[in-house]
Amino acid sequence: MLSTTRSTLRNTDVLVVGGGLAGLSTAVFLAQQGVDCLLVERQPELSGHPRARGVHPRAMELMRAAGIEDEIRAMPSARRLAHNSGVIAARSLAGPELGSLDDKYVMDVGADVASLSPTPWCLCHQGELEDVLRDRAERLGVALRFHTELLSFEQDGPEGEEITARVRDHATGAERTLKSRYLVAADGAHSGVRDALGIPFDGEVFGHYVNVHFRADLTEQLAGRRFLMCYTFNEQVRGALMPLDNSTDWLLHISYDAAGTDAGSFTEERCTELVRAAAGVPDLDPRILSVSRWEGAARTADRFHDERVFLVGDAAHVMPPSGGFGSSTGIQDAHNLAWKLAAVLDGWAGPALLTSYDEERRPISEATVEQAVLRSRDRLRLLDEPGGRRPADPGIVEDALVWLSWRYRSSAVTAWDESVLPGHGVWSAENDGRPGSRAPHLRLRRGGAELSALDLFGSRPVLLTGPDDRAWREAVRAVAHDLDVPLALYGIGTEVTDIEDRWPERYGVTAQGAVLVRPDGVVAWRCADAPVFAGRTLRTVLARLLGRDAAGEAAGTTRREGSGER
């Protein structure tokens, strides 16, 4: 790597603000890349409130890469809800059903996705998922500072290369100054960092909601059903019941009129009455565990990047919960950003690479917000008479495409092949290995063990080749040395075996071709056949995609060396 020295005055390379799902994911992904990071969260502890429930396949792929897939699937809610599926509507849980959501765009959580991904849905709720992420972050050495609030920050330092932040420890009242190379804002929908930067966050408010976490035995009213959600529509409550253990642990999601209702009026007594109405059991005696109020909105920040500050998760975008896209979108933000920060800090990519974060994630986030909005509005069709239900909005894109078939346009991928039909906006009709798309899943075998092609990606760029790859092997050795890039090569048919013989079909190359995949599992470039000058071609492509200058150097970077005092 480039021989440079990190300032001894700097406390950390990356300061993460916010200890929720997006912030913890950012910290985990950075630490996996060897980046020294410090996370501050103003709350004294994780909330533990269930909130979002369900992690879709792409986000689970990233949890698999983080080494915690099995831990997440072992959490209580994940185990108990493993066989739940479907969305229904009823006057109350005890009353007759009004209908169910069975449109073609919906891929049920129990659907077989083995041909698309090595990891299916997981119905772990957010409180438990955050516990797993926190534990993983601590094991990776992340400094977590709860009950610590960011007071202010400046992008100053030598040649603008430092973040200077002021924080307060609420346990002691002490204030201190922290210095970092970069700051990641994961401080939620009401992000103070975003506001301080003056980044607009306009959009549409759909309504106001209360989540009531309660315990009550509703086994009789469930009558053996194992659904994801039951929308309840009656004179007393309009909301949704969500089982957390299929018997006594529940979340009631309630819509209310903010203009005519004081949010503070949701006392334990009132919540008890609303739970009774949703359950259809007038004398039910639920135990109210917690009440959480939130605003349902659709917003995307005007930019996700401001010099050395980056927005992730709800600080960058908020969306209705329909479709279960919100938390998973934040996890993908974190994963996209982490490897880029690591590459720049380690010196094998130039600072220009960081501009691709906004170029890639903002269009996908805007499109995902739109899909969540369309799904939210579509839920009202559950109230239509079964024989006269209106068709779904034609603008709704199938779940599987939203999860897995997005396409990036940026300086960090080569241009799309426009001879192929574009599909649906930012989503491709096929996940076929084109640049800008998620590298397709392939079932592989290595050393007697089965794995996915996705398991080959992580901390460094990878060149995938076919069995006839002598020219590419020589090119990788030369380019990795010349550019000082940790470039790896895996031969399909040499190092690993393609179990189903789908490599050429899924990646769009021949036996002599190659596909360059970024550490985040995104195809950066592909070449159907080996060119005459493979080394020169690969060097030019890689230097450009990594934001290197004309000489191939990552100008203006500093290599990470050790941790500062925290």
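What counts, and at which threshold
Residues numbered from 1 in each chain as written. Predicted model: local features only at pLDDT ≥ 70, side-chain atom pairs only at ≥ 80, totals over all residues. Heavy atoms only, no water. Helix = DSSP H or I, 4+ residues; strand = E, 2+ residues; numbered from the N terminus. Rg over C-alpha atoms; globule rule 2.2 N^0.38 Å. Buried < 20%, exposed > 50% of the residue type's maximum accessible area, 1.4 Å probe, protein only. Contact = heavy atoms within 4.5 Å. Areas by Shrake-Rupley, 256 points an atom, 1.4 Å probe, with all protein chains shown as cover. Lys, Arg positive; Asp, Glu negative; His and termini not counted. Charge placed at Lys NZ, Arg CZ, Asp CG, Glu CD. Expected span 1.5 Å × (residues − 1). Arc of directions from axis to C-beta. Phe/Tyr/Trp six-rings, centres within 6.5 Å; stacked < 30°, edge-to-face > 60°. Lys NZ or Arg CZ within 6 Å of the ring centre and 35° of its normal.

Draft legend 1. Quick peek at the overall build of the chain. Along the backbone of the chain there are 14 helices and 25 strands. In terms of C-alpha radius of gyration, the chain reaches 24 Å, essentially the compact-globule figure of 24 Å for 566 residues. Overall, the chain is about 75 × 60 × 40 Å in size when its C-alpha atoms are taken along their principal axes. Expressed as a percentage of the 566 residues in the chain, the buried residues total 56%. Here the analysis covers contacts within the chain between residues at least 6 apart in sequence; of these, 72% occur between residues at least 24 apart. For the chain, the computed accessible surface area is about 22600 Å², with 48% contributed by carbon and sulfur atoms. Measuring between centres, the 64 positive side-chain charges of the chain sit 2 Å from its 82 negative side-chain charges.

Draft legend 2. How the structure looks around helix H12 (residues 470–483). In this model, H12 (14 residues) spans 20 Å end to end at C-alpha, consistent with the 20 Å of a helix rising 1.5 Å per residue. Three or more residues of H12 are buried, namely Trp-472, Ala-475, Val-476, Val-479, Ala-480 and Leu-483. Within H12, the buried residues cover an arc of 120° as seen down the axis, which keeps them to one side. Those residues of H12 that are exposed and aimed more than 90 degrees away from the buried face are Arg-470, Arg-477 and His-481.

Draft legend 3. Layout of the packing of aromatic side chains. Under the counting rule described, the total for this entry stands at eleven aromatic pairs. Seen from their ring centres, Trp-121 and Trp-403 are 5.7 Å apart, and the 75° between their planes marks the pair as edge-to-face. Separated by 282 residues along the polypeptide, Trp-121 in the loop between strand E5 (97–100) and strand E6 (122–125) and Trp-403 in helix H11 (residues 399–404) bring together distant segments of the chain. Each of the two residues, Trp-121 as well as Trp-403, counts as buried. An aromatic cluster is present here, built from Tyr-182, Phe-304, Phe-310 and Tyr-357 joined pairwise through their rings. Cation over ring: Arg-194 sits above Phe-201, and NZ or CZ is 3.7 Å from the ring centre. Positioned above the aromatic ring of Phe-266, the side-chain terminus of Arg-270 is 4.2 Å from the ring centre.

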